[in-house]
2 protein chains.
Amino acid sequence: MKYSENKKYLCKNIFMSLLSIGTVAFDAIETPFGKTDKIIGGAATYISLSASYFTKNLNLVAVVGEDFPQEYIALLNEKGVNTEGLQIKKGEKSFFWSGKYHTDMNGRDTLITELNVLANFDPIIPDSYQNCEYLMLGNLTPMVQEMVTQRIQNRPKLVVLDTMNFWMDVALDDLKRVLQKIDVLTINDEEARQLSGEHNLLKAARKVLSMGPKTLIIKKGEHGALLINDTDMFYAPGLPLEDVFDPTGAGDTFAGGFIGYLASTNDVSFENMKRAIIYGSAMASFCVEKFGTENLLNLNSEMIADRVAQFARLVKF
Amino acid sequence: MKYSENKKYLCKNIFMSLLSIGTVAFDAIETPFGKTDKIIGGAATYISLSASYFTKNLNLVAVVGEDFPQEYIALLNEKGVNTEGLQIKKGEKSFFWSGKYHTDMNGRDTLITELNVLANFDPIIPDSYQNCEYLMLGNLTPMVQEMVTQRIQNRPKLVVLDTMNFWMDVALDDLKRVLQKIDVLTINDEEARQLSGEHNLLKAARKVLSMGPKTLIIKKGEHGALLINDTDMFYAPGLPLEDVFDPTGAGDTFAGGFIGYLASTNDVSFENMKRAIIYGSAMASFCVEKFGTENLLNLNSEMIADRVAQFARLVKF
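Bear in mind that the values here come from a model prediction, so they are computed numbers and not experimental data.

Draft legend 1. Inspection of the overall build of chain A at higher detail. Looking only at helices and strands, one finds 11 helices and 14 strands in chain A. Here chain A has a C-alpha radius of gyration of 18 Å; the compact-globule value for 317 residues is 20 Å, and the two agree. By its C-alpha atoms, chain A is 60 × 40 × 40 Å across when sized along the principal axes. Taken over 317 residues, chain A has a buried fraction of 50%. A separation threshold of at least 6 residues defines the contact pool for chain A, and within that pool the share at least 24 residues apart is 69%.

Written as structure tokens, this is what we have:
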């Protein structure tokens, strides 16, 4: 397919403001294909880098320690991310996660988790962020996610929350409370089953939707993602990739592309969310092709449009 | 969506002749939702019943014992299946399989396998079957599948083969030989990995394609199916279903719908195979909603068109 045919997938930026909250951290990753030292990581990093290809009005709330290199912050700024809300704690250390993926890349073991600055994260929202229209609550303690919703004076047009099984184990009540304040929840299939207590994915989805979110995204890894609300359902395929080097950050990158696309089009209809989920999937497919954030640093609109066109061709019959 | 809009998915039968080879057997199934006594089962049964909704020129080669009820054979005949090639072995017993599905329905344990008549199955092709245009080699000993290809004098327009991990374990050389004589292979993702020795599904697919088949279908259960050849790729989604009672026969039903649709349109292009894989998926989705073959007995063209329309809506963006 020629480039001209893919052109329709080029994103038209309207530049609505997007606020992302989450971790900005160090990761050390080992996969069957290689190993990294401490590199930049964290949910909010992946979300922001991914969303930066869609909207230029991008604000970040996070916390790092004194050990966090200025060059990493400069890198976010270069991508148009406003880091006024990035707290730098003197004399403290940044959050650090280290993990090793299994040979089949479908599972991983956490080797090290050092909470450090994250242990007492008090999410302060700068005044200049107050009128954000799109809010992405990246994977974090549900209580911190809830504090953010309380500290933003005007309810954003759309609130998306990402979480994980760990919070269902240790902070279920907090999580259930914050679920009532959001619009879209992103979790994976196993988490949907855990949260609902239903094995059947459709029954699980209905039950999770009854907990608060109006729309649910169930991520199924290489098998794609399901977008579902009370009346509609959409299946975004997984694009089979020849080279999958490192799945770290794929879910956050997906979320960043999803909410970034919505902010860039300022349309939160189910129809537009279908497109947003394809853009999110396209961004995640780039993410996993190299280590860490590497592949997210040098993309452009044409590359994203070409990748989205691949998704479109994959399901067309 | 109104019926009129689904009408375009109604199948137009051209009635090319289809020959199916496989097991016709007794199954006893236990799932978390219930348990059956010995009921009609076997790959060729599911293939034939599924294909019967697409083509009326349907021939069967299989073997049963004296214990096989005449009413089951009558049931196949009622559906338009020519059973001239169904051998009934006096004084012998039919193939019997009994299995129990795990609570999550994703795995199962085989409780009983009695080969009986299958131990010495000599697949005799009646003269009236000789000019079949579409050939479905259902899951069976690769050597028997190969014998069938040798005994059919005129090479059919399309040969589809289904197999399973068991034959890769015990008859890999036979399987590799028959793979060189077919057009389309259907296996699941784990089997593609086992056959190729590659974990990455795309690399696995390329390697399997180099073994003979021009087209490969990788079944991914609830996650859908992938259709792939040297130059093209298509992802058929899995339709999320509220009620999944019994996965037995889903793969065979899929294969029957796939080749049945191709025979009914007499078009083996990749574009038409995309549609065929959706029809196969639709048939499989009906199959799993009730026990055994129950749900395959009372369908009609409108119900199938409506289900195919659901698949179409699920991926449209």
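Draft legend 2. Main features of the sheet that holds strand 10 (residues 158–162) of chain B. All names here are of chain B. With mixed pairing, the nine strands of this open sheet are ordered in space as 6-5-1-9-10-11-12-13-14. The outermost strands of the open sheet, each flanked by one partner alone, are strand 6 (81–89) and strand 14 (233–236). Averaged over all adjacent pairs, the angle separating strand axes in this sheet is 15 degrees, with direction ignored. Where strand 9 (residues 134–137) meets strand 10, four bridges bridge the pair, whose relative direction is parallel. Following the sheet pairing, Y134 is matched in strand 10 by L158. Sheet contacts for helix 7 (residues 189–196): strand 11 (184–188) and strand 12 (215–219); angle to strand 11, the most-contacted strand, approximately 110 degrees. Sitting on the sheet, helix 8 (residues 201–209) touches strand 11, strand 12 and strand 13 (225–228), and the angle it makes with strand 12 is about 140 degrees.

Draft legend 3. Main features of the packing of helix 2 (residues 43–51) of chain B against helix 9 (residues 250–265) of chain B. Residue and element names in this part refer to chain B. Interaxial distance between helix 2 and helix 9 falls to 7 Å at its minimum, and their mutual angle equals 40 degrees. Judged by the inter-axis angle, helix 2 sits oblique to helix 9. Regarding helix 2 and helix 9, the two cross each other, and that crossing is right-handed. Residues A43, Y46, I47, S48, L49, S50 and A51 of helix 2 pack against D252, T253, A255, G256, G257, I259 and G260 of helix 9.

Draft legend 4. Molecular detail of helix 10 (residues 270–287) of chain A. Its 18 residues give helix 10 of chain A an end-to-end C-alpha distance of 25 Å, which sits within 8% of 26 Å, the value for a rise of 1.5 Å per residue. Within helix 10 of chain A, 14 of the 18 residues are buried, which leaves it mostly tucked inside the rest of the structure.

Draft legend 5. Up close: the interface of chain A and chain B. Counting residues at the interface gives 23 residues for chain A and 23 residues for chain B. Among the elements of the structure, helix 8 (201–209), strand 14 (233–236), helix 10 and helix 11 (301–315) of chain A are those that each provide at least two residues to the side of chain A that touches chain B. Of the residues assigned to the side of chain A that touches chain B, the class counts are 14 nonpolar, three polar and six charged.

Draft legend 6. A look at the relation of the copies chain A and chain B. Mapping chain A onto chain B calls for a screw motion: a turn of 180 degrees about the axis and a shift of 0.0 Å along it, with 0.0 Å RMSD after fitting. Here the copies are linked by what is in effect a two-fold axis. Judged by C-alpha distance, H223 of chain A is the residue of chain A that lies nearest the rotation axis, at 3.0 Å. When you check the interface residues of chain A against chain B, 100% turn up at the interface there too, and the contact is symmetric in its surfaces.

Quick notes on the rules
- Residues numbered from 1 in each chain as written.
- Chains lettered and ligands numbered in written order.
- Predicted model: local features only at pLDDT ≥ 70, side-chain atom pairs only at ≥ 80, totals over all residues.
- Helix = DSSP H or I, 4+ residues; strand = E, 2+ residues; numbered from the N terminus.
- Rg over C-alpha atoms; globule rule 2.2 N^0.38 Å.
- Buried ≥ 20, exposed ≤ 12 C-beta atoms within 10 Å, placed from the backbone.
- Contact = placed C-beta atoms within 7 Å.
- Pairing = 2+ DSSP bridges.
- Axes fitted to C-alpha atoms, helices over the stretch in contact; angles between N-to-C directions.
- Parallel < 35°, antiparallel > 145°, perpendicular 65-115°, else oblique.
- Left-handed = near helix turned anticlockwise from the far one by under 90°.
- Expected span 1.5 Å × (residues − 1).
- Nonpolar A, V, L, I, M, F, W, Y, C, P; charged D, E, K, R; others polar.
- Least-squares fit on C-alpha atoms with pLDDT ≥ 70 in both.

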